Amino acid sequence: MGEEVERREFSREDRTRYRHKIRRSLDVFASMLRESRFEFERPLTGMEIELNLVDDNADPAMRNAEVLAALADPDFQTELGQFNIEINVAPRRLSGEENSDLERELRASLNNAEQHARGVGAHMVMIGILPTLRREHLTGDTLSANPRYALLNEQIFAARGEDLDIRIDGIDRLAVTTDSIAPEAACTSTQFHLQVSPHQFAAYWNAAQVIAGVQVALGANSPLLFGRELWRETRIPLFEQATDTRSEEIRAQGVRPRVWFGERWITSVFDLFEENVRYFPALLPICDEEDPEQVLESGDIPQLSELRLHNGTVYRWNRPIYAVVKDRPHLRVENRVLPAGPTVVDTVANGAFYYGLVRMLAEADRPVWTQMSFSAAEENFHSCARHGIAASVFWPGLGYVPVSELVLRRLLPLAHEGLEKWGVSQPERDRLLGIIEQRCLTGRNGATWQVETLHALEGDGLDRQGALHEMLRRYLPPMHENVPVHEWPLP
């Protein structure tokens, strides 16, 4: 949804023109892959973090326009809901002490943003789902003013032809109906980007799919929605349902959802873009004037804006990215499975675990995805979203094993080795992966802290809404102090 678009209506001619153009763009992309026209010699990483805004009472603050105006910082951008903003972290190498530098710079940016937000009556929160959100906070009126959100909302509901039912069965049960995509704004995420070569892309994407469940189990931070205790990472089923363009009958026919884990291991990045074009009708059929064949034949690099815009409306948990920077094209895996928070250091530790582990799995002589079915990886993903750090997963050679045991016995050593290959210093490897290790040993991540604190406060006599607000107020100090969540005090 990051592309800027203008408010407009689409005709049948628009959709026909777009279909022809995007298929031509796909052919051009295939030619570029054959000719190896991509930059990958100095791979970079990047990060995006979506943030919530709350007022002094810990309720959602619908003030992102005022906060962004006060910040006047291009690294911060609007997001779907008026209580959301996003920070984009500049690309960088992984080697040396870059993780420490990233942590310092990110903390400084967020502290500066918090100071400016306070000036307009708001505060920043890094959390997967804001616990104090209520149903009345998520309506069409709470969408951000950017025209692309209203346009996307219109197109999704035009495709559905009916209101949207959201059903989540967890510890409690949630059943709501909505006439807008606003519930998606409840889902605030962290995205890790990794630049890879066309030759290596399939291996890195497959590896990222394999470990998606483990990532969610370790980093779960979204156990509460509308006052209900649901999944440990409720953001996963909520996001899958909140942008579903399919009616009940269409779902029954086996049509793929736009929020998608996928259905097979891939052999090329082309597989993913080709699936997007083949399976998903355009939500935003906007064509530009570029002729991609002519651009490529002239020796220049095509933007392929239709392909990129369409790709941005298919919400894979690991998404392929094509981008052109300084007239050089590159490919990235965008890892989208994790929630925001709880702290900057927890986020950087999650990134270190992901980057180290995915490298070792992608470059293994016998890849792990050749030893397990794709459906097993998807089952792991949803089981970990439901149960969090207490989940068990299937792993080749071990069968079903508790996530914490798998991480401690097998995956942390691999992540250490992978970070060493990236050139990360040993003190940094030990510091960041030590945070992951302690989460496994204590069984505490953001989701477990939230739930245990909530239950303790209710045990002290607070009602659910009072306990949710008090829990969130207690969440903020250690978040700002950058204390790893496994060290946070409980009532």
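- The protein has the name Glutamate--cysteine ligase in an unreviewed UniProt entry, where Couchioplanes caeruleus is given as its organism.
- Quoted verbatim from the Catalytic activity (unreviewed entry) field of the UniProt record, the comment on the protein reads "L-cysteine + L-glutamate + ATP = gamma-L-glutamyl-L-cysteine + ADP + phosphate + H(+)".

### Side note on the overall build of the protein
Step number 1: In terms of helices and strands, the protein carries 16 helices and 15 strands.
Step number 2: Relative to the compact-globule value of 23 Å for 491 residues, the protein shows a C-alpha radius of gyration of 22 Å, a close match.
Step number 3: C-alpha atoms of the protein, sized along the principal axes, occupy 70 × 50 × 45 Å.
Step number 4: Counting only residues that meet the buried cut, the protein has 61% of its 491 residues in that class.
Step number 5: As presented, the protein carries roughly 19,000 Å² of accessible surface, and 46% of it is formed by carbon and sulfur atoms.

### Description of helix α13 (residues 403-422)
Think of an α-helix as turning once every 3.6 residues; residues three or four places apart then point the same way.
Step number 1: If you check α13, its first and last C-alpha atoms are just 25 Å apart, much less than what 20 residues at 1.5 Å a residue would give, namely 28 Å.
Step number 2: If you look at α13, its biggest bend is around 50°, right at L411, and the proline P413 turns up within four residues after that.
Step number 3: Every buried residue of α13 is accounted for by V403, S404, L406, V407, L411, L412, A415, G418, L419 and W422.
Step number 4: Just downstream of α13 lies G423, where phi reads positive at about 90°.

### Examining the pattern of salt bridges
Step number 1: What the rule picks out here adds up to 34 salt bridges.
Step number 2: R24 is the salt-bridge partner of D291, the closest N and O atoms lying 3.2 Å from each other. One end of the pair, D291, is in the loop between α8 (269-279) and α9 (292-297); the other, R24, is in helix α1 (residues 12-35), with 267 residues separating them in the sequence.
Step number 3: We classify D291 as partly exposed; its relative accessible area is 25%.
Step number 4: A residue is classified by how much of its surface remains accessible, and R24, at 31% relative accessible area, is partly exposed.
Step number 5: In this structure, E293 engages R24 in a salt bridge whose closest nitrogen and oxygen atoms are separated by 2.7 Å.

### As for the packing of helix α5 (residues 198-219) against helix α11 (residues 344-362)
Step number 1: At a closest axis distance of 9 Å, the pairing of α5 and α11 adopts a crossing angle of 140°. Of the possible angle classes, the one that applies to α5 and α11 is oblique. As for the relative orientation of α5 and α11, their crossing is right-handed in sense. Contacts between α5 and α11 involve A203, Y204, A207, A208, I211, V214, Q215 and L218 from the first element and F353, Y354, L357, V358, R359, L361 and A362 from the second.
Step number 2: Partitioning the contact of α5 with α11 into residue classes produces 13 nonpolar, one polar and one charged.

### A word on unusual backbone geometry
Step number 1: In the segment running from G341 into P342, the intervening peptide bond is cis, with an omega of 0°.
Step number 2: Looking at where P342 falls in the secondary structure, it is placed in the loop between β13 (328-339) and α11.
Step number 3: With a phi angle near 50°, A72 is a residue other than glycine that sits in the positive phi range.
Step number 4: A72 sits in the exposed class, given a relative accessible area of 65%.

### Here we look at the side chain of R246
Step number 1: Along the polypeptide, R246 turns up in the loop between α6 (235-242) and α7 (248-252).
Step number 2: Of note is the side chain of R246, whose polar atom sits 2.9 Å from the side chain of D244.
Step number 3: Ignoring anything within four residues of it in the chain, the contact list for R246 reads R160, R251, V255, R256 and P257.

### Points about the nonpolar core
Step number 1: Core analysis: the largest hydrophobic core is formed by 158 residues, its most contacted members being F29, Y322, F353 and V407.
Step number 2: Considering each element in turn, this core owes the most residues, 14 residues, to α5.
Step number 3: Here V407 is in contact with V214, L218, F353, L412, P413, I436 and C440, once residues within four sequence places are set aside.

### Thoughts on the side chain of N84
Step number 1: Mapping N84 onto the fold places it in strand β3 (residues 84-92).
Step number 2: Reaching out from N84, the side chain makes a polar contact with the backbone oxygen of A185 at a distance of 3.4 Å.
Step number 3: Beyond its immediate stretch of four places on either side in the chain, N84 contacts L51, N52, N64, E79, A185 and T188.

### Quick notes on the pairing of strand β5 (residues 164-169)
Step number 1: Of the two faces of β5, only one is covered, namely that formed by L164, I166 and I168; the face formed by D165, R167 and D169 stays uncovered.
Step number 2: Sheet analysis places β5 next to strand β6 (residues 173-178), joined by six bridges and oriented antiparallel. The residue of β6 that forms the bridge with L164 is T178.
Step number 3: In textbook terms, the turn of a hairpin is the stretch between consecutive antiparallel strands, and for β5 and β6 this stretch comprises three residues.

How each quantity is defined
- Residues numbered from 1 in each chain as written.
- Predicted model: local features only at pLDDT ≥ 70, side-chain atom pairs only at ≥ 80, totals over all residues.
- Heavy atoms only, no water.
- UniProt positions renumbered as here; feature names shortened; annotations may be inferred.
- Helix = DSSP H or I, 4+ residues; strand = E, 2+ residues; numbered from the N terminus.
- Rg over C-alpha atoms; globule rule 2.2 N^0.38 Å.
- Buried < 20%, exposed > 50% of the residue type's maximum accessible area, 1.4 Å probe, protein only.
- Areas by Shrake-Rupley, 256 points an atom, 1.4 Å probe, with all protein chains shown as cover.
- Expected span 1.5 Å × (residues − 1).
- Bend = angle between axes of the 7 residues up to and from the residue.
- Salt bridge = Lys/Arg side-chain N within 4 Å of Asp/Glu carboxyl O.
- Axes fitted to C-alpha atoms, helices over the stretch in contact; angles between N-to-C directions.
- Parallel < 35°, antiparallel > 145°, perpendicular 65-115°, else oblique.
- Left-handed = near helix turned anticlockwise from the far one by under 90°.
- Contact = heavy atoms within 4.5 Å.
- Nonpolar A, V, L, I, M, F, W, Y, C, P; charged D, E, K, R; others polar.
- Polar contact = N/O pair within 3.5 Å; in protein donor to acceptor, adjacent residues only side chain to side chain.
- Core = buried A, V, L, I, M, F, W, Y, C linked by side-chain atoms within 4.5 Å.
- Pairing = 2+ DSSP bridges.

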